[in-house]
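# An overview of the molecular structure
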Amino acid sequence: MIAFTLNGQQVEFAGDPETPLLWVVRDTFKLKGSKFGCGAGLCGACTMHLNGKAIKTCVLPVTVAAGKTVTTIEGLAGDHGLHPLQTAWITHNVPQCGYCQSGQIMAAAALLEETPTPSSVDIDRALSGNICRCGCYPRIKAAVLAASNSEAGAGDDEPALFYDATGQGGQA
Amino acid sequence: MTTLSRRRFLKTSAQASGGLIVAIHLPGCAFGGALPIDVADDGFVPNAFLQITQHNEIIFYCPSDEMGQGIRTGLATVIGEELDVHPASMTVVSAGSHEDYNNPEYAMQLTGGSNAVRAFYLPLRQIGADTRALILQAAAQDLGIPTSQLTTRNATVIAGDRHYPYGDFLVTASSLPLPENTTLKNSRDFQFIGQEITRVDAREKATGEAIFGIDIDVPDQVAAVVVRPPVAGATVTSFDPTAALASSGVLQVVEISSGIAVVADSYWQASRAAKRLQVTWNNPALSTVSSDSMRADLTAALYDGDDAVTDDTGDIDSALTSGAPPPQVIMHSAEYFAPLLAHAPMEPVNATLRLRNGEADLWTGVQAIGAAQGLIERITGYPRENIRVHNQYLGGGFGRRASLAHIIEVTEIALAVNKPVQLVWSREDDIRHGLYRPASLMQLSAAVDDTGRISGWRAKRAGGNLTPDYMRNSLPALMPNLPEFVLDGLTAATDYWLSRWSIDGSSVEGLHETYDLPTRQISHVTVDHGLPLTFWRSVGHSYTGFAVESMMDELAEAADIDPVVFRLKQLESKPRMYEVVAKAGELLTAMSVPEGHFLGFAAHSSFATDVAQIAEVSVTDNLIKVHRVTCVVNCGTAVNPDIIRAQLEGSVMFALTATLHGKIDLAEGAIVQSNFHDYPILRMDEAPDVDVFIMPSDEKPTGIGEPGVPPLAPAVANAVYRACGQRLRELPLRLA
Ligand code: FES
Ligand code: FES
């Protein structure tokens, strides 16, 4: 029996201890926001936080999580609304197909925890383990920079519905 | 065949549970009687584009598949413009499989070819406008106020200072005849078209709530992984399931037409057990082919093969005869190569199928849902109306999800297993057992006269054709009742025909169309190695753009003319592209780049859209770095400029992966690469900045998902040449 904290809840897993954390979270606990992209630690689609650090979970046996705290994209938003990164993701229209985005956001959130105002190079370093086949990189970077500059915390307002024609953004 | 543009009837019906449904029905269409929609059941597929509930929820059944290109937002904007409903306040869902949703240009439900906004632009506006007119008439009747005194705004009817939700008028609306051919808005009155409306799927994709095919989890579902032959086309000679069956969680090992399926309680258990399976395969003809031998075959075909001519305009032989009298001044010939490529969409292909009591439910994400339904019909023999396709968000398409081998596999497995089955391809399966962008060898020869105009242009391409594979894959789906031997015969005939007398359009597209080339000859030599091939974002343009635009720079240099000016000379009868190139030239002239950075230019028309790109590149220690790409695009009316920018940004990244890294190799017929370590995808630290300039236009919208791909590789190659003097004519670019 492997016990850990998943998005604030105590959970126990009784299956094969070699099972990667990704599949335990997706198949046993039915949280589908973390994705399978390569199964080899190469793409970052499966990124979660383990004790606050971003980690690729498709090659991480669930035993490693025993007694630790796991956060997935589903647990990122606070009680008061979206994480500032999620808000920035929406206002920058970041996602295309969206499949990589949970992993991108989780990797970015861990970066901001450690480095609240990252440089462009910091972002490159922290996010280069996360592939986006749709090529959203410029927007991902812009959104991380925007979120890191925002003073508001998790209680940030909901995003604007409209961009105006100049692309400046604004509330509907 | 265009069906939507014909005269149509709109059928309406008010239902207690679901409100007003508006669907397109064509004269002679089999539809009649009750609407084929059970609106209380989310799992059922409606025959309708719009549904207005009594609670004024506006549901738009989007006929095209969302794979990142922003089509749900784009089409919601188009229909919402005329309906007066903001796209963000609509519920946009994926339409099911029904002929009413056929793409008007393809007469089937296919999302691809960058045509969805173009093809649905007027039909969906018409439906929006007719529906709004109907609501207005119903409101006029119910309120006793003439329509001339009513207006609409965001799903409400406004009478003086009173606002009434559309949902208030459903009963009356359903009793009225539906207006037809309601006048559409003038573009100057557009409120949503042209605005940078946030994507309707942005929020759920930022919260992890968006559901992809792989996220489907139906009760009692089991997981399947298929072991396929290393060489495409091989079949099983023998297999030993013992070790796999002994692996934990494994339920069954089943032989299917493409290989051996391992079925287990979970994907991870199935994939672990699959590695323990012992299978031997026979050796098809492809097993003698390697990347080198394929390349040698292409070279032999290009220079010694019989080519089929697709376009022969003017006297090309004398135009290209050396020593021809002036005004011809320059003669140049060069050869370009582009390799096999895989698509590698971020979500590996997958499908979940439940067969129960003669009914089928398929959950997946594909670019051709009608064909998926047809395949299940063919294999199970179930009546089509009992087969429902629930298409989810596609985790990337790029052409890969127009092919449906995984639908055949999941159906065969589900028939054997008697439980709902989820089949997932691993990344290794995706890279090794997919369908590929064909390798292409091209020879271009040109003469330039003393005015700087191209006076002769010959382009010849050797490589595989897509149509036979497409026929092989889609005919069984589109004609589920046609016997196998007829299908085989048709495919063989297509093969034969295309290799001898006709030319697959996608094999040669882009070899001349961008420019005025009054004296030209385009030809093709088919080389088929038996490796499955398919559409890959921008299709033929993905390699012809590289050849043509590299050649344009080479010719400009030989003629000692500025490359932008040189292109403008070949665009005198193509005003739209002329303006795009001129604008890009203006931007280029104004650019100042840091020491050691160089600019390369390219332009290419595809999918009715014109794109020019300027790549800012540096070369240090044999490393090509692309710093910035500036794009100028004319895609007609910009329905959502921000999505257009996003598509160009994404196209630049997708094409840059192919330019710097992309290469699939064969060794004894098997694909060498297997995952992102040896088939690398561009990462953030390699990603250039992208600027996009959208040419203002009132014309009908044209494609945007693909046209940003073709110019990128030649723009980079042209910049590399300026940076270090090496003319690289082979992709991916490798410095000597
Ligand atoms: S799925 Fe874990 S890194 Fe790719
Ligand atoms: S949004 Fe499609 S892979 Fe990143």
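The structure presented is a predicted model; accordingly, all values stated were derived computationally and were not measured.

### Let's talk about the nonpolar core
Soluble globular proteins tend to pack their nonpolar side chains together in the buried interior. Of all hydrophobic cores here, the largest spans 190 residues; its most connected members are Phe4(A), Trp89(A), Val144(A), Trp457(B) and Val716(B). The biggest single contributor to this core is helix H18 (residues 641-660) of chain B, with 9 residues. Beyond its immediate chain neighbours, meaning those up to four positions away, Val144(A) contacts Leu85(A), Trp89(A), Ala108(A), Leu111(A), Leu112(A), Pro118(A), Ile123(A) and Leu127(A). Membership of the second largest hydrophobic core comes to 45 residues, among which are Phe60(B), Tyr61(B), Tyr121(B) and Tyr166(B).

### Thoughts on the domain arrangement of chain B
Note on interface size: it is often stated as the accessible area lost on association of the parts. Residues and elements named next belong to chain B. Domain annotation for chain B reports domain 1 (6-207), domain 2 (216-284 + 349-424) and domain 3 (307-340 + 438-466 + 504-724). Listed as interface residues are 7 residues of domain 2 and, on the opposing side, 11 residues of domain 3. For the domain 2 and domain 3 pair, buried surface summed over both sides reaches about 580 Å², with 64% attributable to carbon and sulfur atoms. Summed over the three residues of domain 2 that lose the most area to domain 3, namely Val231, Ala232 and Phe398, the buried surface amounts to 65% of that side.

### Description of the layout of surface pockets
Gaps left between atoms show up when a probe the size of a water molecule is rolled over them. All names here are of chain B. Size it by volume and the largest pocket reaches roughly 1,300 Å³. Every residue lining the largest pocket is counted, 47 residues in all, and those nearest its centre are Gly233, Ala405, Arg472, Asn473 and Pro532. Every element with two or more residues in the lining of the largest pocket is listed here: helix H9 (369-380), helix H10 (405-417), helix H12 (467-478) and helix H13 (484-500). Split by residue class, the lining of the largest pocket holds 21 nonpolar, 14 polar and 12 charged.

### Quick word on the confidence of the model for chain B
Residues and elements named next belong to chain B. Averaged over every residue, the pLDDT of chain B is 90; the share at 70 or more is 92%. Long-range and interchain partners of residues 1-19, a stretch whose pLDDT sits below 50, account for 64 contacts in this model, where long-range means more than four residues apart. Residue range residues 23-47 is modelled with pLDDT below 50. Its contacts to residues more than four positions away, or to other chains, number 63 contacts. Here the prediction assigns the complex a pTM of 0.92, and the interface score ipTM is 0.92.

### So, the packing of helix H2 (residues 84-91) of chain A against helix H3 (residues 101-114) of chain A
Angle between the axes and distance between the axes: these two values describe a pair of packed helices. Residues and elements named next belong to chain A. It is at 10 Å that the axes of H2 and H3 come closest, and there the two elements cross at 130°. In terms of orientation, H2 and H3 fall into the oblique class. Handedness of the crossing formed by H2 with H3: right-handed. Across the interface between the two elements, Leu85, Gln86 and Trp89 of H2 pack against Gln101, Gln104, Ile105, Ala108, Ala109 and Leu112 of H3.

### Thoughts on the environment of Gln86(A)
Here Gln86(A) lies in helix H2. Take Gln86(A): its relative accessible area is 1%, and that puts it in the buried class. Sequence separation between Gln86(A) and Leu76(A) is 10 residues; the distance between their C-alpha atoms is 9.0 Å. If sequence neighbours within four positions are ignored, Gln86(A) has contacts with Ile73(A), Leu76(A), Ala77(A), Ile105(A), Ala206(B) and Thr207(B).

### As for the pairing of strand E19 (residues 387-391) of chain B
Residues and elements named next belong to chain B. E19 sits mainly inside the fold: 5 of its 5 residues count as buried. Here E19 shows a buried face lined by Ile387, Val389 and Asn391 and a second buried face lined by Arg388 and His390. Pairing analysis gives 5 bridges linking strand E18 (residues 359-364) to E19, with the strands arranged parallel. Across the sheet, the residue bridging to Leu362 is Val389, located in E19. Regarding the hand of the β-α-β motif, the stretch spanning E18, H9 and E19 is right-handed.

### Some thoughts on the sheet that holds strand E26 (residues 623-634) of chain B
Residues and elements named next belong to chain B. Reading across from one edge, E24-E25-E26-E29 is the order of the 4 strands in this open sheet, with mixed pairing throughout. Every interior strand has two partners, whereas the edge strands, strand E24 (597-606) and strand E29 (689-694), have only one. Adjacent strand axes in the sheet meet at a mean angle of 20°, parallel and antiparallel pairs treated alike. Where E24 meets strand E25 (residues 609-620), 10 bridges bridge the pair, whose relative direction is antiparallel. When the bridges of E25 are listed, Ala602 appears paired with Gln613. Together, E24, E25, E26 and E29 form the strand contacts of helix H17 (residues 575-590), whose direction differs from that of E25 by roughly 30°.

### Details of the interface of chain B and chain A
On the chain A side, the residues contacting the 62 residues of chain B number 55 residues. Together, the buried faces of chain B and chain A total about 4,900 Å²; carbon and sulfur atoms form 58% of this surface. Among the residues chain B hides against chain A, the three largest losses belong to Trp268(B), Met346(B) and Met684(B). Together they make up 17% of the total. Scanning the region where chain B abuts chain A turns up 8 salt bridges.

Rules behind the numbers
- Residues numbered from 1 in each chain as written.
- Chains lettered and ligands numbered in written order.
- Predicted model: local features only at pLDDT ≥ 70, side-chain atom pairs only at ≥ 80, totals over all residues.
- Heavy atoms only, no water.
- Core = buried A, V, L, I, M, F, W, Y, C linked by side-chain atoms within 4.5 Å.
- Buried < 20%, exposed > 50% of the residue type's maximum accessible area, 1.4 Å probe, protein only.
- Helix = DSSP H or I, 4+ residues; strand = E, 2+ residues; numbered from the N terminus.
- Contact = heavy atoms within 4.5 Å.
- Domains from an automatic or database assignment.
- Buried area = accessible area lost by both parts, 1.4 Å probe.
- 1 Å grid on protein atoms, 1.4 Å probe; cavity = no way out; pocket = protein on both sides within 12 Å on 5 of 7 lines; lining within 4 Å.
- Points joined across faces, edges and corners; volume = space filled by probe spheres on them.
- Nonpolar A, V, L, I, M, F, W, Y, C, P; charged D, E, K, R; others polar.
- pLDDT = per-residue confidence, 0-100.
- Axes fitted to C-alpha atoms, helices over the stretch in contact; angles between N-to-C directions.
- Parallel < 35°, antiparallel > 145°, perpendicular 65-115°, else oblique.
- Left-handed = near helix turned anticlockwise from the far one by under 90°.
- Pairing = 2+ DSSP bridges.
- Right-handed = clockwise from strand over helix to strand, strands pointing away.
- Salt bridge = Lys/Arg side-chain N within 4 Å of Asp/Glu carboxyl O.

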